[in-house]
There are 2 protein chains.
Amino acid sequence: MSKRPLKVALLGCGVVGSEVARLMTTTADDLAARVGAPLELAGIAVRRPNRARDLPVDPALFTTDALSLATRPDVDVVIEVIGGIEPARTLLLAALANGASVVTANKALLAEDGATLHAAAEKHGADLYYEAAVAGAIPLLRPLRESLVGDKVKRVLGIVNGTTNFILDRMDSTGAGFADALDEATALGYAEADPTADIEGFDAAAKAAILAGLAFHTKVTAADVYREGITEVTAADVASAREMNSVVKLLAICELDPVGESVTARVHPAMLPRSHPLAGVREAYNAVFVESEAAGRLMFYGPGAGGAPTASAVLGDLVAVCRNKVNGGRAPAVTSYADLRVGGMGEARTRYHISLDVDDKAGVLAQVALVFADHEVSIQTVRQSGRGDDARLVIATHVATDAALAATVESLRALDTVRAVASVMRVEGE
Amino acid sequence: MSKRPLKVALLGCGVVGSEVARLMTTTADDLAARVGAPLELAGIAVRRPNRARDLPVDPALFTTDALSLATRPDVDVVIEVIGGIEPARTLLLAALANGASVVTANKALLAEDGATLHAAAEKHGADLYYEAAVAGAIPLLRPLRESLVGDKVKRVLGIVNGTTNFILDRMDSTGAGFADALDEATALGYAEADPTADIEGFDAAAKAAILAGLAFHTKVTAADVYREGITEVTAADVASAREMNSVVKLLAICELDPVGESVTARVHPAMLPRSHPLAGVREAYNAVFVESEAAGRLMFYGPGAGGAPTASAVLGDLVAVCRNKVNGGRAPAVTSYADLRVGGMGEARTRYHISLDVDDKAGVLAQVALVFADHEVSIQTVRQSGRGDDARLVIATHVATDAALAATVESLRALDTVRAVASVMRVEGE
Ligand SMILES: NC(=O)c1ccc[n+]([C@@H]2O[C@H](COP(=O)([O-])OP(=O)(O)OC[C@H]3O[C@@H](n4cnc5c(N)ncnc54)[C@H](OP(=O)(O)O)[C@@H]3O)[C@@H](O)[C@H]2O)c1
Ligand SMILES: NC(=O)c1ccc[n+]([C@@H]2O[C@H](COP(=O)([O-])OP(=O)(O)OC[C@H]3O[C@@H](n4cnc5c(N)ncnc54)[C@H](OP(=O)(O)O)[C@@H]3O)[C@@H](O)[C@H]2O)c1
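Residues numbered from 1 in each chain as written. Chains lettered and ligands numbered in written order. Predicted model: local features only at pLDDT ≥ 70, side-chain atom pairs only at ≥ 80, totals over all residues. Heavy atoms only, no water.

Enquirer: Would you explain the UniProt feature "active site" (unreviewed entry) in chain A in this entry?
Expert: All names here are of chain A. The feature "active site" (unreviewed entry), as given by UniProt, occupies Lys-207 in the numbering adopted here. With respect to the helices and strands, Lys-207 occurs in helix 10 (residues 202–216). Those residues in contact with Lys-207, other than ones at most four positions away along the chain, are Lys-107, Ala-133, Val-134, Ala-135 and Val-160. (UniProt positions renumbered as here; feature names shortened; annotations may be inferred. Helix = DSSP H or I, 4+ residues; strand = E, 2+ residues; numbered from the N terminus. Contact = heavy atoms within 4.5 Å.)

Enquirer: Explain the relation of the copies chain A and chain B here, please?
Expert: Superposition of the two copies of the chain requires a rotation about an axis and a shift along the axis. For these two chains of identical sequence, chain A goes onto chain B by a turn of 180° and a shift of 0.0 Å along the axis, with RMSD 0.0 Å. Read as a symmetry element, the transformation amounts to a two-fold axis. Minimal C-alpha distance to the rotation axis in chain A is attained by Phe-300 of chain A, lying at 2.4 Å. Residue by residue, 100% of the interface of chain A is reproduced at the interface of chain B, so both copies engage with the same surface. (Least-squares fit on C-alpha atoms with pLDDT ≥ 70 in both.)

Enquirer: Can you walk me through the UniProt feature "binding site: L-homoserine" (unreviewed entry) in chain A in this structure?
Expert: The residues that UniProt annotates with the feature "binding site: L-homoserine" (unreviewed entry) are Glu-192 of chain A. Tracing the backbone shows Glu-192 of chain A in the loop between helix 8 (178–187) and helix 9 (196–199).

Enquirer: How should I be thinking about the domain arrangement of chain A in this particular structure?
Expert: By a widely used convention, the size of an interface equals the accessible area lost when the partners come together. When its domains are assigned, chain A resolves into domain 1 (6–134 + 307–327), domain 2 (141–304) and domain 3 (348–427). Centre-to-centre, using C-alpha coordinates, domain 1 of chain A lies 52 Å away from domain 3 of chain A. (Domains from an automatic or database assignment.)

Enquirer: Mind showing me how you'd approach the site of ligand 2 here?
Expert: Residue and element names in this part refer to chain B. Taken together, 22 residues sit near ligand 2, with Cys-13, Val-16, Arg-48, Arg-53 and Gly-306 positioned nearest. Here Val-15 contributes a backbone N or O atom positioned 2.9 Å from an oxygen atom of ligand 2. Arg-53 places a polar side-chain atom, nitrogen or oxygen, 2.8 Å from an oxygen atom of ligand 2. When the residues that make up the shell around ligand 2 are grouped by side-chain class, the tally is 11 nonpolar, six polar and five charged. (Near = heavy atom within 4 Å. Polar contact = N/O pair within 3.5 Å; in protein donor to acceptor, adjacent residues only side chain to side chain. Nonpolar A, V, L, I, M, F, W, Y, C, P; charged D, E, K, R; others polar.)

Enquirer: Would you mind showing me how to read the site of ligand 1 here?
Expert: Residue and element names in this part refer to chain A. Near ligand 1 you find 22 residues, and of these Cys-13, Val-16, Arg-48, Arg-53 and Gly-306 are the closest. One of the backbone N or O atoms of Val-15 is found 2.9 Å from an oxygen atom in ligand 1. Here an oxygen atom of ligand 1 sits 2.7 Å away from a polar atom, N or O, in the main chain of Gly-306. Considering only residue class, the shell around ligand 1 consists of 11 nonpolar, six polar and five charged.

Enquirer: What is the right way to look at unusual backbone geometry in this model?
Expert: Note on backbone geometry: most residues besides glycine have negative phi, and most peptide bonds are trans. All names here are of chain A. The omega torsion across Glu-86 and Pro-87 is 10°, close enough to zero to call that bond cis. For Pro-87, the position within the fold is in the loop between strand 4 (77–80) and helix 4 (88–97). The residue Asp-339 is not glycine, and still its phi comes out positive at about 50°. As for its placement among the helices and strands, Asp-339 is situated in the loop between helix 12 (307–327) and strand 13 (341–342). Judged by its relative accessible area of 60%, Asp-339 is exposed. (Buried < 20%, exposed > 50% of the residue type's maximum accessible area, 1.4 Å probe, protein only.)

Enquirer: How should the sheet that holds strand 5 (residues 101–104) of chain B be read in this particular structure?
Expert: For sheets, the rule is that strands pair by backbone hydrogen bonds, running either parallel or antiparallel. All names here are of chain B. Strand order in the open sheet formed by six strands is 3-2-1-4-5-6, and the pairing between neighbours is parallel. The open sheet is flanked by strand 3 (62–63) and strand 6 (128–129), the only strands paired with a single partner. Pairing analysis gives two bridges linking strand 2 (residues 39–45) to strand 3, with the strands arranged parallel. Bridge pairing in strand 3 links Ala-45 to Thr-63. Each of strand 1 (6–11), strand 2, strand 4 (77–80), strand 5 and strand 6 touches helix 12 (residues 307–327); the most contacted strand, strand 5, lies at about 175° to it. (Pairing = 2+ DSSP bridges. Axes fitted to C-alpha atoms, helices over the stretch in contact; angles between N-to-C directions.)

Enquirer: Any chance you could explain the packing of aromatic side chains here in plain terms?
Expert: What characterises a pair of aromatic rings is the spacing of the ring centres plus the angle enclosed by the ring planes. Scanning the entire structure with this criterion turns up five aromatic pairs over all chains. Relative to Tyr-301 of chain B, the ring of Tyr-285 of chain B lies with its centre 5.0 Å away and its plane at 10°, an arrangement referred to as stacked. A residue pair is termed long-range when its members are at least 10 positions apart, and Tyr-285 of chain B in strand 11 (residues 285–292) and Tyr-301 of chain B in strand 12 (residues 296–303) qualify at 16 residues. Both residues of the pair, Tyr-285 of chain B and Tyr-301 of chain B, count as buried. Above the plane of the ring of Tyr-129 of chain A lies Arg-145 of chain A, whose end atom (NZ or CZ) is 4.6 Å from the centre. (Phe/Tyr/Trp six-rings, centres within 6.5 Å; stacked < 30°, edge-to-face > 60°. Lys NZ or Arg CZ within 6 Å of the ring centre and 35° of its normal.)

Enquirer: Before we go on, may I ask you to explain helix 11 (residues 235–243) of chain B in this structure?
Expert: Each full turn of the α-helix corresponds to 3.6 residues, which orients residues three or four apart in the same direction. Residue and element names in this part refer to chain B. Three or more residues of helix 11 are buried, namely Asp-237, Val-238, Ser-240 and Ala-241. Summarising the axial view, the buried residues of helix 11 lie within an arc of 165°, below the 170-degree limit, and thus occupy one face. Exposed and oriented more than 90 degrees from the buried face of helix 11 are Ala-236 and Glu-243. In this structure, the buried residues of helix 11 make contact with helix 7 (162–174), strand 9 (246–256), strand 10 (262–273), strand 14 (349–359) and strand 18 (418–427). After helix 11 finishes, the residue Asn-245 shows a positive phi value of roughly 60°. (Arc of directions from axis to C-beta.)

Enquirer: When you look at the interface of chain A and chain B in this model, what are you seeing that I'm missing?
Expert: Contacts between the two partners involve 44 residues from chain A, matched on the other side by 44 residues from chain B. Both sides of the chain A and chain B interface together cover about 3,600 Å² of buried area, and 55% of this is carbon and sulfur. When the buried surface of chain A facing chain B is broken down by residue, Arg-34, Val-149 and Tyr-301 of chain A rank first, second and third, together holding 17% of it. The interface formed by chain A and chain B includes zero salt bridges. (Buried area = accessible area lost by both parts, 1.4 Å probe. Salt bridge = Lys/Arg side-chain N within 4 Å of Asp/Glu carboxyl O.)

Enquirer: Looking at this structure, I do not really get the confidence of the model for chain A. What am I missing?
Expert: Where the model shows low pLDDT, its predicted coordinates should not be examined in detail. Summary statistics for chain A give a mean pLDDT of 94 and a share of 99% for residues scoring 70 or more. Both scores are available for the predicted complex, with the pTM at 0.93 and the ipTM at 0.89. (pLDDT = per-residue confidence, 0-100.)

Enquirer: Which parts of the structure should I look at to understand the side chain of Thr-408 of chain A?
Expert: All names here are of chain A. Residue placement: Thr-408 occurs in helix 14 (residues 402–414). With a relative accessible area of 0%, Thr-408 lands in the buried category. Leaving out residues up to four positions away in the same chain, Thr-408 has contacts with Val-371, Phe-372, His-375 and Val-377.

Enquirer: So what exactly am I meant to see when it comes to the state of the cysteines here?
Expert: Working definition of a disulfide: a covalent bond connecting the sulfur atoms of two cysteines. Residues and elements named next belong to chain A. The tally for this structure, following the rule as stated, stands at zero disulfides over all chains. Unpaired in terms of disulfides, Cys-13 finds its nearest cysteine sulfur in Cys-322, a separation of 18 Å. Overall, Cys-13 belongs to the buried group, its relative accessible area being 7%. (Disulfide = S-S within 2.5 Å.)

Enquirer: Mind showing me how you'd approach the pairing of strand 12 of chain B here?
Expert: Regular strands have side chains that alternate between both faces of the sheet. Of all eight residues that make up strand 12 of chain B, six are buried, and the element is covered over most of its length. As paired strands, strand 12 (residues 296–303) of chain A and strand 12 of chain B are joined by three bridges and run antiparallel to one another. Each residue of the ladder has a partner; that of Met-299 of chain A, found in strand 12 of chain B, is Tyr-301 of chain B. When strand 11 of chain B meets strand 12 of chain B, the two strands line up antiparallel, connected through eight bridges. If you follow Tyr-285 of chain B over to strand 12 of chain B, its bridge partner there is Pro-303 of chain B. Connecting strand 11 of chain B to the next strand, strand 12 of chain B, in antiparallel fashion are three residues.

Enquirer: Whenever I open this one, the pattern of salt bridges confuses me. Can you help?
Expert: A side chain of one charge can pair with a side chain of the opposite charge when the charged atoms of the two come close. Under the definition given, this model contains 52 salt bridges over all chains. Residue Arg-89 of chain A pairs with Glu-86 of chain A through a salt bridge whose shortest N-O separation is 3.3 Å. Put simply, Lys-207 of chain B and Asp-203 of chain B hold a salt bridge, and the shortest N to O gap is 2.7 Å. Of this pair, Lys-207 of chain B and Asp-203 of chain B both sit in helix 10 (residues 202–216), four residues apart, roughly one helical turn. You can call Lys-207 of chain B buried: its relative accessible area is 4%. What makes Asp-203 of chain B buried here is its relative accessible area of 12%.

See the structure below:
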């Protein structure tokens, strides 16, 4: 191997970064063979350079001056695993302007401002890869970017947040309520001290924006994504899903409308039939289900987080961008050439599962059915069960826009004979 | 786009080839945008050039002279979807010698003689891609080749034959026997008129060889793969798996031994706990489960066959090799640098689930247990149930070599008190 070494700057050396540094060292020969040139760590930027770190790297590599490292003229590739919007964005734009290729795991930044990064990469002829940003270790973005070209993605359904999947899985398997399941997740290290980003769906929404952008070649940001977390999901919701042979999952859903003119992206809890491949995704695992015109229904499954799994995805990207450096090529640019309109939640097409407590008297069902008809929402099944002087109606609808479904629920609440809307949950994955 | 068009020769225009030709035509603009140059069909080789084909391509493109087409000096890429060993091998070696890159879906050829093709590609600086050869539409080989670099694969477990998965799924869900389930598969078009290649495991064994080669960087051919089909799987086997909360699946299993010095590849029916991600793979779907050191447990799921899904995988490869042609790069070569020893079935480490009909008298269990101990096979659970004057012993072992397990079964057969070995099935996916 006579090629000059490629110099790699590592920005961040926490959970993910330390595993990247370790793997780059322990698998150096393998990486060199794959890339066609040896890789050399040019430096490692951190906040606390003198912190004890049990890593097989030269301590002299650590620096607090991330900007100087990212723009060093001899650096070929910059790996960013600091996280957050700033200083990450400034560092990466400077690195790209300098001609370095970038590998990052930063979902927050990509979801907020991916288009600026992509434009900078394009302008400076550099690569920008971020496999680790969605669903950790799972090779997913590269297949979307490269293997499904020439195919047309119609829908992406993802379990992209391990914390919430762990909580919902516990609620399903033990009957626990949300609070108890969250406590268990925290005790086991699956939830952070402040779990807001996970349980309120912010993390999943960032990933939904990234997935929608790649799947539909359209600029989608986190702000475009409708978001509902899992804090309102009750043990009763999970039990009633169970009765329907379904599970409750927090899904990131990116869809092309039936005529192919607009896309929607949303994150919310939904009932999924147990026969759906995503229903079997347990514990903190992630999985992304893709429906495309030619390839059909694909699913990618694996760990969504963790130092080593995420580092494995970073290394896959590193090899790709380094190979391009050696060969002089570039990855297919991620473009938003389709430039579809991004629709709001009201346009999303879904189904509702509604439980109503109603007066147990003649004519109530007819009255309820009329409300659905008024909103042009068609009912798939109704189950009625008497319970003392009131009755429970459990209604599953056919597909309609979320706006029509939500309006139906509002009108039902206004009916005198409806004592309470006991639960409303969307249903996906027919 | 000022680049000269890339010329693509299509060899074969059957189930897969006709969808390739269709997609190349209908998505021409997208493909050109991804590749950076337009693609042009240079010709289509078939056996019957005058057969009516409902395709949006110029009829003058059809030819029976596949060799001339494959070696035309202006052809950049050759797609082979004829199948079988010859003339496919001769055609592809000629194309590679001519400097053309190759995309093929031909599992039989790759499993028999992949090393020769890889060596020719290497020698002539050409690309050789074959995503469609294993698990049809599922982007799987590229992640193994490219995303998991720098990681170490330890085990691959795959459901890689749709026909047998359909049959076993039916046996599980309806209680049908093998013959009835096969009839149903044939009636529905999931099994061919001569189903031998599928039900005897030949098709899965070819794919196991390809997977093992890629996962372990070692030359593995179909002849190295231990093979058992599903024709001996009975309704009773499936029912007894069901009792253990397991399913029977035909698995392709490629494993590195615990010290990392040798690999084994095998195809056989096995019991898999229902909680395993592969257990939920229904109907004719395929899925491949990969265990690696850093990334952990990944699964790739999707349609394993069909014209459009397979063509989608071919097109993903086509874009990759065309981009390399445009940029002057090459894909990471598939090498067998690790060159591990390929072990026989006796070395494979597995577990057995054994049902014995024994005399219902004192001391029988002790006698049976002694046989296991003699072969150093450790028992995990025993369930004993009396039935008239005999008893049924159902035994699950811990992990041992297949040689030790098989020898144990032989010794059990020789015991006077064992009336019959009612069933033996391997257990995977702890
Ligand atoms: N953890 C996962 O499982 C996972 C999975 C997928 C994606 N990701 C993404 O990967 C990225 C990193 O996550 P992580 O869990 O590894 O984070 P982390 O453990 O908090 O590590 C952050 C690292 O960045 C360094 N750092 C912070 N501010 C800095 C600054 N201004 N200049 C230089 N260095 C700075 C820290 O230095 P000190 O070491 O001195 O504190 C630390 O090494 C995030 O974008 C995250 O979303 C993580
Ligand atoms: N079908 C699937 O779902 C699937 C899935 C994965 C992989 N594959 C693989 O894809 C390949 C093609 O499968 P397929 O199902 O498309 O096969 P197929 O329908 O039998 O088509 C074979 C094609 O090759 C042509 N052909 C046969 N011998 C030829 C020769 N000597 N010279 C030129 N052309 C010749 C045939 O010509 P005529 O049209 O004139 O008969 C036909 O167009 C195989 O390697 C298969 O293993 C198939």
